[in-house]
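Here's the letter readout for the chains.
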Amino acid sequence: MTLEALAIGQRARIVAVDWDRVAPEDGKRLRALGIDEGARIAIAHRGVLGGRDPIAIMIGRMTIALRRAHAEAMTVEHL
Amino acid sequence: MTRLRRAALVGNPNAGKSALFNALTGARQKIANYPGVTVERKVGRLVLPSGEPVELIDLPGSYSFDAASPDEEVTRKVVMGEFPGEAKPDALVIVLDAANLEQHLVFAQEVIALGVPTVVALNMIDLAERDGLVLDPAALSQALGVPVVPTVAVRRRGLAELTEAIGSAEELADAQSHPDPRPHITLPERRLTARNIAKAAILSESTEHRIHAGLDKVLLHPWLGPLILFAILFVIFQAVFAWATPFADALDAGAGALSGLVVANFPAGFLRDLVTEGVIAGVGSVVVFLPQIVILFFFILLMEASGYMARAAFVMDRMMASVGLSGKSFIPLLSSFACAIPGIMATRSIADPKDRLTTILIAPLMTCSARLPVYGIIIAAVIPNTSVAPFVGLQGLVLLGLYLAGIVGAMVVALVLRKSVTKGDASGFIMELPRYQLPAVKDLLIGLWQRAWVFLRRAGTIIFAATVVLWLLLTFPKADPGESQVDASFAGQIATAMHPVFEPIGFNREMTLALVPAMAAREVAVSSLATTYAVDSDDEDKTLAALEGKISQLWGLPTALAFLAWFVFAPQCVSTIAVARRETNGWKWPAFMVGYLFALAYAFAGLTYWLATAAGL
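It should be emphasised that the depicted structure is a prediction, and the values quoted were computed from it without experimental measurement.

Moving on, we get to the interface of chain B and chain A. Taken together, the contact pairs 41 residues of chain B with 33 residues of chain A. The largest per-residue losses of area from chain B upon contact with chain A belong to Phe314(B), Arg318(B) and Ile430(B), which jointly make up 21% of the total buried on that side. Between the two partners, chain B and chain A, sit four salt bridges. Summed over the shared surface of chain B and chain A, the number is twelve residue pairs in polar contact (both at pLDDT 80 or more). Of all the secondary structure elements, the ones that give two or more residues to the side of chain B that touches chain A are helix H8 (187-201), helix H9 (210-219), helix H14 (308-321) and strand E12 (431-433) of chain B. Among the elements that line the side of chain B that touches chain A, the one with the most residues is H14(B), at six residues. Looking at the side of chain B that touches chain A residue by residue, the class counts come to 19 nonpolar, ten polar and twelve charged.

Given below as structure tokens:
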């Protein structure tokens, strides 16, 4: 399943990232923040005003906001 | 051993670096820009226990030396000693967020590997404790091979220890590891090391972080979040007007009293007129708006320091995405309500170049505080002070309308630009949401002082000069008896020459005259009107109140409304154009910006005038 499909609060591990679907600069930024294969994450918040964008994920003790399009490029498995 | 002269603070964004910098150096900081880039260069003085002063540099926050933004590029070059004109720091202070060790240690390893004498400030240790983390600084120090000092910058904890450690950094240099013999460590390897070091340094940990999560549940709520943000923005704009009024009135009264004092104590003549009509009437009418600027910046600084600003960006992201931007553009645009210059500079945190360019181009459409004087005086003069509903005044409503016109204009322009000149893929939005914290009063005060000083310096230099030059142009040559002084003056002649262009959109000659110095700084439009009318009147009362009377007496409502519409879109001041040029590396985009703003301003002022005239106002 993709990170996009993950339920709020469910813990998961990123098992694969399709970096070709992410803009190069965005990819650099995500990796610098530790969002990469092997990272343990959970979705904390999703969407504003009825939309599904943006998404706030927890990684360690950091909260990172990203877009749905980024989350769709990431494959996760439940922990 | 060479003496330690220069040290630099480095670290991830949101590690509390600036607060630590403020705590270590106090209010005496020098803020300038690095040449060629609009990244702020903040330098202060730190006194070591030995009594020796050290120059301390606050470098922009970075996630890695593999620079993704102009900010990070500056940090990398300065630390490596590659920045032209900037000597390599003798020692580095890495600022780590104690609660985010695993993430922040990735960059810390890169810095330590440089082999420069380094000290680690384990900052915000109180927030880590609040989150249930117990850390072992000694274990961390051993793992990293450099001294580690726990600090709480905003509460001034650990500062003496940190200063002492910086003082001994040089001596430790020999004992420390030399440049990393394995420079090609991969990012996953660094990450693994970071995780292991963090694990070893954490004595105990509870997964609770209730305050943080609880606040986010409300503030990032899909429906409540936007509601709360709009409520906050509403309060801010209310406060800017309601709270500032007594202070502004006092300043205006002060200017009037000062003018009276000069009149009473000096003989009538050229110099006295220059001081009362030129300097006091001109500069005074601008300084009156200092309280509003300070209040607006107070809220912006508060939102930034508390961690809420990033949430506001999160909440606004979807709306900004609908015009092809991202939530990151919200922060520069909000700052632009105070002044477009810090707003345009704040766009450097936007990684996507086209996103950033679009944000720069629309930043001047946000109603900056320099336009407030213009709006304020004209609204007070021509819009009746009546209520349209309980607690809702017509004047305030018109003002809100002007702000909204700017915002809607900006959104439409952004949409058009993203489909034409800055066409490209939809931009991304990746942003760390820092933990909430109570801002330190001192940090807020330093920030406010720096902004107020920039404004006052403008009032004392560019606005002062523009006002005096205008007064001279208005005073010479002297009119023949029976002729109006303004008609006879150089300025009057210039205005007469320009007037045919602006007459169709309802501008009178005094307004046309005000447009020229308004290019230097928008608020000069008010002082220019004040000076123009002061020169022409025998009245001793040269204050804002007198100008208000003149406008309501001499301008028709359509004319006044057209003037307001002009300033919603008017090409911005020279300083903004200069910053835009520096930011975009050339004249192409500033020229484009001035062109489209001028066209919009002319069209909308005209439209307003014709419609208002047709409606019989």
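From this point, things continue past the structure.
What follows deals with the side chain of Arg46(A). As for its placement among the helices and strands, Arg46(A) is situated in strand E2 (residues 40-46). According to the relative accessible area criterion, Arg46(A) is buried, its value standing at 14%. Side-chain polar atoms of Arg46(A) contact the backbone oxygen of Glu4(A), separated by 2.8 Å. Side-chain polar atoms of Arg46(A) contact the backbone oxygen of Leu6(A), separated by 2.5 Å. Apart from the residues within four sequence positions on either side, Arg46(A) is in contact with Glu4(A), Leu6(A), Ile8(A), Arg52(A), Pro54(A), Ile55(A) and Pro222(B).

Before going further, it helps to spend a moment on helix H1 (residues 17-25) of chain B. Residue and element names in this part refer to chain B. The element H1 is largely enclosed, with a buried count of eight among its nine residues. Of the positions making up H1, those classed as buried are Lys17, Ala19, Leu20, Phe21, Asn22, Ala23, Leu24 and Thr25. Two residues or fewer past H1, Gly26 is found with a positive phi of approximately 75°.

A few words on the packing of helix H17 (residues 353-362) of chain B against helix H19 (residues 394-419) of chain B. All names here are of chain B. In contact at an axis separation of 10 Å, H17 and H19 are set at 145° when each is read in the N-to-C sense. Judged by the twist between their axes, the crossing of H17 over H19 is right-handed. Every residue of H19 that contacts H17 at Lys354, Asp355, Thr358, Leu361 and Ile362 is listed here: Ala410, Val413, Ala414, Leu417 and Arg418. Of the residues that constitute the contact of H17 with H19, the class distribution is six nonpolar, one polar and three charged.

This part covers unusual backbone geometry. Put simply, Asp53(A) and Pro54(A) share a cis peptide bond, and its omega is -15°. Mapped onto the elements, Pro54(A) comes out in the loop between E2 and strand E3 (55-59). Here the amide bond leading from Phe476(B) into Pro477(B) is cis, since omega sits at -15°, within 30 degrees of zero. With respect to the helices, strands and loops of the structure, Pro477(B) is situated in the loop between helix H20 (441-475) and helix H21 (485-488).

A word on the pairing of strand E4 (residues 62-66) of chain A. When you tally the buried positions in E4(A), you get five out of five residues, the bulk of the element. Covered by surrounding structure in E4(A) are Met62(A), Ile64(A) and Leu66(A) together with Thr63(A) and Ala65(A), the residues of both alternating faces. Of the pairings in the sheet, the one linking E3(A) to E4(A) comprises five bridges and is antiparallel in character. The residue bridging Ile59(A) from the neighbouring strand is Met62(A), located in E4(A). Hairpin connection between E3(A) and E4(A): a loop of two residues separates the two successive antiparallel strands, and Gly60(A) in this loop has a positive phi of roughly 60°. For E4(A) and E12(B), the ladder comprises three bridges, and the chain directions are antiparallel. Each bridged residue has a counterpart across the sheet, and for Ile64(A) the counterpart in E12(B) is Glu432(B).

Criteria and cut-off values
Residues numbered from 1 in each chain as written. Chains lettered and ligands numbered in written order. Predicted model: local features only at pLDDT ≥ 70, side-chain atom pairs only at ≥ 80, totals over all residues. Heavy atoms only, no water. Contact = heavy atoms within 4.5 Å. Buried area = accessible area lost by both parts, 1.4 Å probe. Salt bridge = Lys/Arg side-chain N within 4 Å of Asp/Glu carboxyl O. Polar contact = N/O pair within 3.5 Å; in protein donor to acceptor, adjacent residues only side chain to side chain. Helix = DSSP H or I, 4+ residues; strand = E, 2+ residues; numbered from the N terminus. Nonpolar A, V, L, I, M, F, W, Y, C, P; charged D, E, K, R; others polar. Buried < 20%, exposed > 50% of the residue type's maximum accessible area, 1.4 Å probe, protein only. Axes fitted to C-alpha atoms, helices over the stretch in contact; angles between N-to-C directions. Left-handed = near helix turned anticlockwise from the far one by under 90°. Pairing = 2+ DSSP bridges.

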